[in-house]
Amino acid sequence: YLERATRRSLLGNVYLGRVDNVLPGMEAAFIDAGLPKNCFLYVDEIVLPELDDRERRKKKIEQLIKNGQSLLVQVVKDPMGTKGARVTMDVSLAGRFLVYSPDGKGYGVSKRLPDGERDRLRDLVKQLEPKGGGGLIVRTAARGAQREELERDLQLLEQQWAAIQAAAKRKTVRAPALIHEEVDLALEMVRDDLRVEVDEVITDDAATY
């Protein structure tokens, strides 16, 4: 993996964006998130608490969002060439062992885990109850993890989501604005790939160390 300080990935970043242009013919919208190019939001990526999935699918995009409206969105695809970033309103937050989707439902377990371990972790994650609801996915890094570790991971993710919501609602914050920035590559690698079989991590940078 390669990341330059001057050109960091936007994946996972959460923005308070402003609807710049709704495109009924494409069932999509351009969102101003304060980036060089407007972001692209498909109708399938719109999440509204007052509507369930079935009700939302019955409506056209111009019935769901309006020009000038502020939306909380997360980057799911980096800008490329002349295209801006793709965003979703279905925010998901990655921890060490879990992925938490505040607007999601149900439980999932990484298919990269062996069957016996998947069953064990599925039983454990079913015992977890996000305070505000939502869905959970158990990551591959959770192999061997105990319930207490999963609970701690969930608590941290819930705190992160609460902080994002609070920041988006502050009177001093106006769209477009960056609300939450994903960790840099070094922290991401430690979080996602530093498993028990890793003996050491080598860095040539004092700040990273």
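Residues numbered from 1 in each chain as written. Predicted model: local features only at pLDDT ≥ 70, side-chain atom pairs only at ≥ 80, totals over all residues. Heavy atoms only, no water.

Novice: Tell me about the sheet that holds strand 8 (residues 107-109), and please be specific about residues and values.
Specialist: Reading across the sheet, the 4 strands line up as 6-7-9-8 and stay open at both edges, with mixed pairing between neighbours. Sheet topology places strand 6 (93-94) and strand 8 at the edges, where each strand pairs with a single neighbour. Two strands pair when backbone bridges link them, and strand 7 (residues 98-101) and strand 9 (residues 135-138) are joined in this way by 4 bridges, in the antiparallel orientation. Its bridge partner lying in strand 9, Tyr-100 is registered against Leu-136. This element, helix 4 (residues 147-169), spans strand 6, strand 7 and strand 9 of the sheet and lies at about 35° to strand 7. (Pairing = 2+ DSSP bridges. Helix = DSSP H or I, 4+ residues; strand = E, 2+ residues; numbered from the N terminus. Contact = heavy atoms within 4.5 Å. Axes fitted to C-alpha atoms, helices over the stretch in contact; angles between N-to-C directions.)

Novice: Any chance you could break down unusual backbone geometry for me, citing the residues and the numbers?
Specialist: In this structure, the amide linkage connecting Ala-175 to the following residue, Pro-176, adopts the cis form with an omega of 0°. In this structure, Glu-27 is a non-glycine residue whose phi angle is positive, near 50°. Following the sequence through the fold, Glu-27 ends up in the loop between strand 1 (14-23) and strand 2 (28-32).

Novice: Explain the environment of Arg-139 to me, using residue names and the numbers behind them.
Specialist: Following the sequence through the fold, Arg-139 ends up in the loop between strand 9 and helix 4. Excluding its chain neighbours within four sequence positions, the residues that come into contact with Arg-139 are Ala-94, Gly-95, Arg-96, Phe-97, Leu-98, Val-99, Ser-110, Leu-113, Arg-191 and Asp-192.

Novice: Help me get a handle on the packing of aromatic side chains, residues and values and all.
Specialist: Under the definition given, this model contains 2 aromatic pairs. By the ring-pair criterion, three or more aromatic residues cluster together here, those being Phe-30, Phe-40 and Tyr-42. (Phe/Tyr/Trp six-rings, centres within 6.5 Å; stacked < 30°, edge-to-face > 60°.)

Novice: How would you sum up the pairing of strand 4 (residues 70-77)? Please name residues and give values.
Specialist: Both faces of the sheet carry side chains from a regular strand, because those side chains alternate between them. As paired elements, strand 1 and strand 4 share 5 bridges and run antiparallel to each other. Within strand 4, the position partnered with Arg-18 by the bridge is Ser-70.

Novice: Tell me what's going on with the nonpolar core, and back it up with residues and numbers.
Specialist: The nonpolar side chains of a soluble globular protein tend to be buried, and buried together. Residues Leu-72, Leu-98, Leu-121, Leu-150 and Ile-179 are the most contacted members of the largest nonpolar core, which totals 27 residues. Mapped by element, the contributors of at least two residues to this core are strand 1, strand 7, helix 3 (115-125), strand 9 and helix 4. Looking at which element gives the most residues to this core, the answer is helix 4, with 7 residues. One finds Leu-10, Val-19, Ala-85 and Met-89 within the second-largest nonpolar core, a separate group that totals 22 residues. (Core = buried A, V, L, I, M, F, W, Y, C linked by side-chain atoms within 4.5 Å. Buried < 20%, exposed > 50% of the residue type's maximum accessible area, 1.4 Å probe, protein only.)

Novice: Tell me about a nonpolar patch on the surface, residues and numbers included.
Specialist: A contiguous nonpolar surface patch, about 280 Å² in accessible area, is contributed by Val-190, Leu-194, Val-198 and Val-201. If you trace the backbone, Val-198 turns up in the segment after helix 5 (185-193). (Patch = residues over 30% accessible without salt bridge, like charges linked within 9 Å, V, L, I, M, F, W, Y side chains within 5 Å. Areas by Shrake-Rupley, 256 points an atom, 1.4 Å probe, with all protein chains shown as cover. Salt bridge = Lys/Arg side-chain N within 4 Å of Asp/Glu carboxyl O.)

Taken by themselves, the reported measurements are silent on function.
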